[in-house]
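As a plain string of letters, each chain reads:
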Amino acid sequence: MKLREELNSLRELDLVGLRERLSDAKQELFNLRFQLATGHLTDSSRVGHVKKQIARIHTVIREFELKETK
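Notes on the structure follow.

Quick notes on the rules
Residues numbered from 1 in each chain as written. Predicted model: local features only at pLDDT ≥ 70, side-chain atom pairs only at ≥ 80, totals over all residues. Heavy atoms only, no water. Helix = DSSP H or I, 4+ residues; strand = E, 2+ residues; numbered from the N terminus. Rg over C-alpha atoms; globule rule 2.2 N^0.38 Å. Contact = heavy atoms within 4.5 Å. Areas by Shrake-Rupley, 256 points an atom, 1.4 Å probe, with all protein chains shown as cover. Lys, Arg positive; Asp, Glu negative; His and termini not counted. Charge placed at Lys NZ, Arg CZ, Asp CG, Glu CD.

Here we take up the overall build of the protein chain. What the protein chain contains, in helices and strands, is 3 helices and 0 strands. Traced from its N-terminal end to its C-terminal end, the protein chain shows the element sequence α-α-α. Taking 70 residues into account, the globule formula puts the C-alpha radius of gyration at 11 Å, and the protein chain, at 14 Å, lies well above it. Along the longest, intermediate and shortest principal axes, the C-alpha atoms of the protein chain span 50 × 20 × 15 Å. When contacts within the protein chain are restricted to residue pairs at least 6 apart in sequence, those whose partners lie at least 24 apart make up 64%. Total accessible area computed for the protein chain in this model is approximately 5,400 Å², and 53% of it derives from carbon and sulfur atoms. Here the protein chain contributes 14 positive and 11 negative side-chain charges, whose respective centroids are spaced 7 Å apart.

Structure (structure tokens):
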């Protein structure tokens, strides 16, 4: 999924959906780090992708919070 499409899909979610997506991404990152530590991870670039995804979700959550305060 392209970056712009990913951001648009995140911006369509409500705060509950964003927090669920964040929780899923953090769980995936935990699993990837565990696989990396045990030597079972085949695609190590996935770790960086999930970290960036978490940062994007945090950004959209912050945008949502700022929009609500106006």
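Resuming the write-up.
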